[in-house]
Amino acid sequence: MDETFDSRKFLKSLKKEMDEHETTLEAVRYAMHRIAETLPYYKWVGVYWLKGNTLLLGSYVGAKTEHTRIRVGKGVCGTAVKENANQIVRDVRERDNYIACSLDVRAEIVVLIRKQGRILGQIDADGHEVGVFDARDEALLEGVARLIADRLPDHP
Ligand code: SME
């Protein structure tokens, strides 16, 4: 991420804009569009929701993907859940468990959406240049993940 990008400012206005959307679905869809239009190196960005042992694709911006269901442990997405850890992949060609969505993808980032310590889903993004995602992207997406989690109901 470019050093001049002001993540705090972005998250502050995103929160306000998400609050203007009545449903969580609309707010999440809006957030994905806002990321993609603000940061053009996010060539694909979307949310997967965790249901049991499977990640289910929710709102996304970018090319249509056939990977609408990913088992925990599979791919970069499933690995994030299995290891309970965000993933930043510099070059997807270096990962044997990478599930290709598009042949143009080089870098990928996955940030978990947690509430009360439970993993509820994740934000997944693809870039077309090696090493395009870094710790600043992770921090930004963690902020977005928190805004999403805030809209989700508490677990009983
Ligand atoms: N590349 C991901 C699959 C999802 S697509 O990028 C949209 C993975 O390896 O899990």
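Everything here concerns the structure above.
Just so it is clear, the model here is predicted, and its values are computed rather than measured. (Residues numbered from 1 in each chain as written. Predicted model: local features only at pLDDT ≥ 70, side-chain atom pairs only at ≥ 80, totals over all residues. Heavy atoms only, no water.)

Notes on the overall build of the chain
For the chain, the helix and strand inventory stands at four helices and six strands. Overall, the chain shows an N-to-C arrangement of helices and strands of α-α-β-β-β-α-β-β-β-α. The globule rule puts the C-alpha radius of gyration for 156 residues at 15 Å, and the 14 Å found for the chain is close to it. Evaluated residue by residue, the chain yields a buried proportion of 47% over its 156 residues. Across the chain, every contact between residues at least 6 apart in sequence was considered, and the portion connecting residues at least 24 apart equals 53%. Accessible surface for the chain amounts to roughly 8500 Å². Of this, 48% is attributable to carbon and sulfur atoms. Of the side chains in the chain, 24 bear a positive and 25 a negative charge, and the two mean positions are spaced by 5 Å. (Helix = DSSP H or I, 4+ residues; strand = E, 2+ residues; numbered from the N terminus. Rg over C-alpha atoms; globule rule 2.2 N^0.38 Å. Buried < 20%, exposed > 50% of the residue type's maximum accessible area, 1.4 Å probe, protein only. Contact = heavy atoms within 4.5 Å. Areas by Shrake-Rupley, 256 points an atom, 1.4 Å probe, with all protein chains shown as cover. Lys, Arg positive; Asp, Glu negative; His and termini not counted. Charge placed at Lys NZ, Arg CZ, Asp CG, Glu CD.)

Overview of helix H1 (residues 7–19)
Across its 13 residues, H1 extends 18 Å between first and last C-alpha, which sits within 8% of the 18 Å expected from 1.5 Å per residue. Those residues of H1 hidden inside the fold are in contact with helix H2 (24–38) and helix H4 (135–151). Two or three places before Arg 8, at the opening of H1, Asp 6 has a side-chain oxygen 3.3 Å from that residue's backbone nitrogen. (Expected span 1.5 Å × (residues − 1). Polar contact = N/O pair within 3.5 Å; in protein donor to acceptor, adjacent residues only side chain to side chain.)

Notes on the packing of aromatic side chains
A full pass over the atoms with the stated rule returns six aromatic pairs. Arranged with centres 6.0 Å apart and planes meeting at 45 degrees, the rings of Tyr 41 and Phe 133 form a pair that is tilted. One end of the pair, Tyr 41, is in the loop between H2 and strand S1 (44–51); the other, Phe 133, is in the loop between strand S6 (118–127) and H4, with 92 residues separating them in the sequence. Phe 133 matches Tyr 41 in its accessibility class, with the two residues each being buried. Between the aromatic rings of Trp 44 and Tyr 60, the centroid separation amounts to 5.3 Å while the plane-to-plane angle is 20 degrees, which identifies the pairing as stacked. With Trp 44 in strand S1 and Tyr 60 in strand S2 (residues 54–61), the pair connects residues that are 16 residues apart, well separated along the chain. We classify Trp 44 as buried; its relative accessible area is 5%. Tyr 60 sits in the partly exposed class, given a relative accessible area of 28%. (Phe/Tyr/Trp six-rings, centres within 6.5 Å; stacked < 30°, edge-to-face > 60°.)

Focus on the pairing of S6
For S6, the buried fraction is high: nine of the ten residues fall into the buried class. Looking at chain direction, S1 and S6 are connected through six bridges and run antiparallel. Paired with Tyr 48 across the bridge in S6 is Gln 122. Bridge analysis of strand S5 (residues 107–115) against S6 gives nine bridges, and the strand direction is antiparallel. Opposite Glu 108, over in S6, you have Asp 126 as the bridge partner. Counting the residues between successive antiparallel strands, the hairpin from S5 to S6 contains two residues, one of them, Gln 116, with a positive phi of roughly 50 degrees. (Pairing = 2+ DSSP bridges.)

Don't take any of this as a statement about function, it's just geometry.
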